[in-house]
Amino acid sequence: MALIVHKYGGTSMGSVERIKNVALRVAKWHRAGYQIVVVPSAMSGETNRLLKLAHEISSQPDPRELDIVAATGEQVSVGLLAIALKELGLDARSYAGWQVPIKTDSTHTKARIVEIDGKRVQQDLDAGRIVMVAGFQGVDSEHNITTLGRGGTDTSAVAVAAALNADECLIYTDVDGVYTTDPRVVEGARRLERITFEEMLEMASLGSKVLQIRSVEFAGKYQVKTRVLSSLTDPLIPLEEEMHSGTLITFEEDKSMEQAVISGIAFQRDEGRIVVVGVPDIPGIAYQILGSIADANIDVDMIIQNQSVEGKTDFTFTVGRSDYTRAMDILNQQIKDKVKAQQVLGDPKFSKVSVVGVGMRSHVGIASKMFRTLSEEGINIQMISTSEIKISVLIDEKYMELAVRALHKAFELEQEQSKV
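- For the protein chain, an unreviewed UniProt entry supplies the name Aspartokinase and the organism Linnemannia gamsii.
- Looking at the protein chain in UniProt, the text filed under Catalytic activity (unreviewed entry) is "L-aspartate + ATP = 4-phospho-L-aspartate + ADP".
- If you open the UniProt record of the protein chain and go to Sequence similarities (unreviewed entry), you find "Belongs to the aspartokinase family."

**A word on the environment of Val186**
(1) Moving on: Topologically, Val186 is positioned in the loop between strand S9 (168–173) and strand S10 (194–196).
(2) Moving on: Classification of Val186 by relative accessible area gives buried; the value is 5%.
(3) Moving on: Spatially, the C-alpha atoms of Val186 and Val404 are 7.6 Å apart, while their sequence positions differ by 218 residues.
(4) Moving on: Ignoring anything within four residues of it in the chain, the contact list for Val186 reads Thr181, Val404, Arg405 and His408.

**A look at the packing of helix H2 (residues 46–57) against helix H3 (residues 63–70)**
(1) Moving on: Orientation of H2 relative to H3, taken along the N-to-C sense of each, is 145°, at an axis distance of 9 Å. In this structure, H2 meets H3 at a crossing whose hand is right-handed. Between H2 and H3, the contacting residues are Leu50, Leu51, Ala54 and His55 on the first element and Leu66, Val69 and Ala70 on the second.
(2) Moving on: Residue classes in the contact of H2 with H3 are distributed as six nonpolar, one polar and no charged.

**As for the packing of H3 against helix H4 (residues 72–87)**
(1) Moving on: Between H3 and H4, the shortest axis-to-axis distance is 5 Å and the interhelical angle comes to 20°. When the axis of H3 is compared with that of H4, the two are roughly parallel. Contact residues: H3 offers Ile68, Val69 and Ala70, while H4 offers Thr72, Gly73 and Glu74.
(2) Moving on: Taken together, the residues of the contact of H3 with H4 sort by class into three nonpolar, two polar and one charged.

**A look at the UniProt feature "domain: ACT" (unreviewed entry) in the protein chain**
(1) Moving on: Mapped onto the present numbering, the UniProt feature "domain: ACT" (unreviewed entry) falls on residues 274–349 and 355–420.
(2) Moving on: In residues 274–349, the share of helix is 34% and the share of strand is 38%. The end C-alpha atoms are 11 Å apart.

**Considerations on unusual backbone geometry**
(1) Moving on: Following Val100, the chain continues to Pro101 via a peptide bond in cis, the omega torsion being -5°.
(2) Moving on: One non-glycine residue, Thr109, lies in positive phi territory at about 75°.
(3) Moving on: Counting through the fold element by element, Thr109 comes out in the loop between strand S4 (102–104) and strand S5 (113–116).
(4) Moving on: Phi is positive for Asn165, which is not a glycine, with a value near 55°.
(5) Moving on: A relative accessible area of 65% places Asn165 in the exposed class.

Rules of the game
- The residue numbering used here restarts from 1 in each chain and proceeds along that chain's sequence as written.
- Per-residue local features are limited, in this predicted model, to residues with pLDDT of at least 70; the limit for side-chain atom pairs, both in listing and counting, is 80 or more; totals at the level of whole chains, interfaces and linings are taken over all residues.
- Derived side-chain values reflect all non-hydrogen atoms in the structure, with water molecules and hydrogen atoms excluded from consideration.
- UniProt positions are given in the numbering used here, feature names are shortened, and annotations may be inferred rather than shown by experiment.
- Secondary structure is summarised from DSSP: a helix means a run of H or I of at least four residues, a strand means a run of E of at least two, and numbering begins at the N terminus for each.
- Residue burial is assigned from relative accessible area. The probe radius is 1.4 Å, only protein chains are included, and a residue is buried under 20% of its type maximum, exposed over 50%, and partly exposed in between.
- We call two residues contacting when some pair of their heavy atoms lies within 4.5 Å.
- The axes used here are C-alpha line fits, helices contributing only the stretch in contact, and every angle between their N-to-C directions lies in the interval 0 to 180 degrees.
- Handedness of a helix crossing follows the sense of rotation of the near helix relative to the far helix, less than a right angle counterclockwise being left-handed and clockwise being right-handed.
- As a working rule, the residues Ala, Val, Leu, Ile, Met, Phe, Trp, Tyr, Cys and Pro are called nonpolar, Asp, Glu, Lys and Arg charged, and the rest polar, with Gly in that last group.
- We call two directions roughly parallel when the angle between them is under 35 degrees, roughly antiparallel when it is over 145, roughly perpendicular when it lies between 65 and 115, and oblique otherwise.

Structure, rendered in structure tokens:
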């Protein structure tokens with residue numbers, strides 16, 4: 001008997017009516033002979049409401065107590081869904097994260113999963129029950145409730161699927177799959193039937209909001225077959241149709257996938273560029289500049305160090321716009337004089353646009369085609385970074401949507417890929 005894990009997002013669980021629809025969908029799978037574990041998010045807006053309450057009481061709530069508060073949203077969801085399934089005449093049981101248990105480290109508000117003991121859940125499944133597991137949460141070695149941070153329910157679902165050796169993890173969301181780019185930017189964006197974990201990981205890290213990046217890492221590491229599909233369709237559509245809908249995220253690179261040189265265009269709107277001008281070109285200068293930035297928990301993205309001229313070089317990097325001001329303050333107050341920089345320059349109004357595809361490994365000319373396309377649109381490239389399956393450029397933010405549309409057209413992503 002195949003074991004399937006379902007994950008439902010906040011929108012899918014957003015009202016009593018939608019919870020009843022989720023129950024109908026889960027019941028359909030169960031009655032078709034599948035063992036089902038469901039990992040739902042809190043109802044849409046509920047986590048924000050709970051965190052707002054905590055911050056109305058304290059400007060800096062204790063992280064341990066904040067986790068106690070935030071974890072209740074998912075517990076409400078699993079309880080309501082279990083009740084809805086029982087109303088349909090099915091045997092269902094819900095668990096909070098600590099009851100499974102989902103064991104985590106002790107980093108409150110952004111804990112990482114260490115281990116999942118699936119024995120209790122498996123016993124219920126073997127007894128014919130549908131099991132609900134609260135996502136987003138776990139318990140540390142001191143029996144404190146922890147939460148995994150934003151998007152943690154995706155990670156919970158994939159981790160549960162890995163622990164139970166599930167045949168597939170279905171991520172139900174308010175979109176019907178992974179697209180070649182954001183349909184709100186490019187009207188002709190096309191849903192992908194399948195994408196590799198590597199491509200999905202790159203797209204998630206580059207701003208695609210379909211899946212939380214930690215869940216993709218987990219799925220790739222443990223080779224959990226994962227599918228993204230819509231929960232807003234009729235819950236009673238034929239099972240065979242639903243099983244082949246959405247986008248399959250796979251570790252297999254078959255011939256039909258290799259034909260698609262580029263799978264998608266990803267982008268991040270809010271990038272800040274910082275240039276530390278005229279620093280000595282000596283060993284360790286990069287660490288001296290970026291060490292304090294890392295200590296402040298600021299993620300650095302693209303990095304360029306210029307060619308040395310008379311023993312001096314310029315060091316350029318990008319950060320998210322939300323971290324830009326803080327990074328500039330650290331550099332001006334702590335780093336500039338220490339590394340004997342001439343000045344620190346910055347501009348927060350940039351965007352990053354990337355082309356992603358495993359086909360880059362076996363095809364030449366992708367970079368030149370990308371650069372030519374941007375040049376023809378009069379778009380100046382400020383920085384470039386590459387990986388084996390990705391090319392990213394930093395451009396002025398006002399050209400971001402134009403760049404995405406032009407690249408999407410240049411790489412013919414509106415067209416259906418032929419299949420072998």
